[in-house]
Amino acid sequence: MLKTLVQRIDAMLFRRGFALTEARRLIRNQILLAAGCTAIACLVTGFANWGLSFGAGALIISFNFWWLSKAAQELVQVRQGAMFTLLTLFYGRLALTAVAIAGLVAWAGASVYGLLAGLSTVLANAALWGVLQIRHKVPVTGDGKEA
Amino acid sequence: MRKSLLMALAMVLCASAAFASDGAAVAAVGPVAAWATAMGMGLAAGLCGIAQGLGLKAACEGTARNPEAGGKITVTLILGLAFIESLAIYALVVNLILLFVKPLGA
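Thresholds applied
Residues numbered from 1 in each chain as written. Chains lettered and ligands numbered in written order. Predicted model: local features only at pLDDT ≥ 70, side-chain atom pairs only at ≥ 80, totals over all residues. Helix = DSSP H or I, 4+ residues; strand = E, 2+ residues; numbered from the N terminus. Buried ≥ 20, exposed ≤ 12 C-beta atoms within 10 Å, placed from the backbone. Contact = placed C-beta atoms within 7 Å. Axes fitted to C-alpha atoms, helices over the stretch in contact; angles between N-to-C directions. Parallel < 35°, antiparallel > 145°, perpendicular 65-115°, else oblique. Nonpolar A, V, L, I, M, F, W, Y, C, P; charged D, E, K, R; others polar. Core = buried A, V, L, I, M, F, W, Y, C linked by C-beta atoms within 7 Å. Expected span 1.5 Å × (residues − 1). Left-handed = near helix turned anticlockwise from the far one by under 90°.

A. Structural view of the overall build of chain A. Summing up its helical and strand segments, chain A has six helices and zero strands in all. Its helices and strands taken in sequence order, chain A reads α-α-α-α-α-α from the N to the C terminus. Within chain A, the fraction of its 147 residues that count as buried is 33%. Sequence separation of 24 or more characterises 66% of the internal contacts of chain A that already satisfy a separation of 6 or more.

B. Structural context of the overall build of chain B. Of regular secondary structure, chain B possesses three helices and zero strands. Across chain B, helices and strands are ordered from the amino to the carboxyl terminus as α-α-α. Scored against the burial criterion, the 106 residues of chain B give a buried share of 17%. Taking the intrachain contacts of chain B between residues at least 6 apart in sequence as the baseline, contacts between residues at least 24 apart amount to 63%.

C. Main features of the packing of helix 2 (residues 21-45) of chain A against helix 3 (residues 49-76) of chain A. All names here are of chain A. Two elements in contact, helix 2 and helix 3, have axes separated by 8 Å at closest approach and are oriented at 175°. By the angle class used here, helix 2 and helix 3 are roughly antiparallel. Of helix 3, the residues touching helix 2 (which contributes A23, L26, I27, Q30, I31, A34, C37, T38, A41, C42, V44 and T45) are W50, G51, L52, F54, G55, A58, L59, S62, F65, W66, S69 and Q73. Here the residues of the contact of helix 2 with helix 3 are counted per class, giving 16 nonpolar, eight polar and no charged.

D. Spotlight on the environment of B:G49. All names here are of chain B. Position of G49 among the secondary structure elements: in helix 2 (residues 22-65). Assessed through the 12 C-beta atoms surrounding it within 10 Å, G49 is described here as exposed. Residues G49 and A33, spaced 16 residues apart in sequence, show a C-alpha to C-alpha distance of 24 Å.

E. Up close: the nonpolar core. In this structure, A:V105, A:L115, B:I78, B:A82 and B:V93 are the most contacted members of the largest nonpolar core, which totals 41 residues. At the level of secondary structure, the elements contributing two or more residues to this core comprise helix 2, helix 3, helix 4 (83-107), helix 5 (112-119) and helix 6 (121-136) of chain A together with helix 3 (70-101) of chain B. When near neighbours in sequence (up to four residues on either side) are disregarded, A:L115 contacts A:S53, A:A56, A:G57, A:L104, A:V105, A:A110 and B:V93.

F. Examining the interface of chain A and chain B more closely. Facing 24 residues of chain A, the contacting portion of chain B comprises 24 residues. Mapped onto the side of chain A that touches chain B, the elements with two or more residues apiece are helix 2, helix 3, helix 4, helix 5 and helix 6 of chain A. Residues belonging to the side of chain A that touches chain B are distributed by class as follows: 20 nonpolar, three polar and one charged.

G. Broad picture of the environment of A:L94. Residue and element names in this part refer to chain A. When you line up the elements, L94 lands in helix 4. Judged by the 18 C-beta atoms lying within 10 Å of it, L94 is partly exposed. Separated by 26 residues in sequence, L94 and L68 place their C-alpha atoms 9.7 Å apart.

H. Here's a closer look at helix 2 of chain A. Compared with the 36 Å implied by 1.5 Å per residue over 25 residues, the 36 Å span of helix 2 of chain A between its first and last C-alpha is a close match. In this structure, the buried side of helix 2 of chain A is in contact with helix 1 (2-15), helix 3 and helix 6 of chain A together with helix 3 of chain B. Looking one or two residues beyond helix 2 of chain A, the residue adopting positive phi is A:G46, at roughly 65°.

I. Fine view of the packing of helix 6 of chain A against helix 3 of chain B. Contact geometry for helix 6 of chain A and helix 3 of chain B: axes closest at 10 Å, N-to-C directions at 150°. The angle between helix 6 of chain A and helix 3 of chain B falls in the class roughly antiparallel. The interaxial crossing formed by helix 6 of chain A with helix 3 of chain B has left-handed handedness. Side by side, helix 6 of chain A and helix 3 of chain B meet where A:V122, A:L123 and A:A126 of the first sit next to B:L79, B:A82, B:F83 and B:S86 of the second. Taken together, the residues of the contact of helix 6 of chain A with helix 3 of chain B sort by class into six nonpolar, one polar and no charged.

J. Looking closely at the environment of B:L56. Along the chain, B:L56 turns up in helix 2. The spatial distance from the C-alpha of B:L56 to the C-alpha of B:T74 is 9.3 Å, given a sequence separation of 18 residues. Beyond its immediate chain neighbours, meaning those up to four positions away, B:L56 contacts A:L75 and B:L77.

K. Layout of unusual backbone geometry. Phi at A:F47 takes a positive value of approximately 55°, unusual for a residue other than glycine. Its location among the elements puts A:F47 in the loop between helix 2 and helix 3.

Next comes the structure, spelled out in structure tokens:
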């Protein structure tokens with residue numbers, strides 16, 4: 001079931017323009033991690049303020065990471081005439097994130113610790129990805145005298 | 001240099017006003033917090049912007065020199081940008097806490 005879900009997410013990401021396999025994996029892991037942690041947090045806290053704030057933080061940072069990855073892919077392989085749109089999208093995304101966080105903290109009365117924990121899911125995802133990369137790295141064979 | 005001296009002077013003046021008397025101290029924490037959040041967010045945004053620019057510059061140079069490594073460089077760039085931007089977002093949250101949650105008082 002998880003395999004089917006992963007394949008579906010991968011296919012959806014490919015359709016949305018994530019051509020690089022590794023970038024697609026990163027986003028997919030972020031989506032799964034954010035959704036899983038939010039579900040756990042909401043169930044454990046009984047849909048209390050902390051759990052909902054965690055979910056809001058995870059949603060904001062996942063949305064942010066999605067657009068950041070798209071922008072980074074486009075920026076490295078610069079296409080003619082797309083720079084202005086790209087920069088507008090980049091700063092628009094940041095402005096939206098700031099407004100959303102300000103609204104949650106100032107007006108919605110979200111739990112700040114929950115929000116920070118939710119925002120940290122992207123760091124957890126990156127750390128996890130780094131650890132997995134190190135584990136999957138093939139050890140160097142030979143004694144180095146071949147060269 | 002002159003600007004930073006002026007800013008430091010302004011902060012010292014605000015702090016002295018805040019600690020002038022017990023009654024006034026609580027009331028003056030608000031403006032000082034507003035100054036602190038403005039300066040903190042400005043510093044965080046500026047430094048994170050410089051860091052992201054440096055990362056992007058290095059990634060573009062690396063891709064131009066070795067186009068075959070573009071995929072790996074892009075993934076590393078995405079991770080680096082995410083880390084840097086997380087710092088800016090954390091700074092934003094801390095500043096919003098200072099402004100709206102007011103842990104230092106009214």
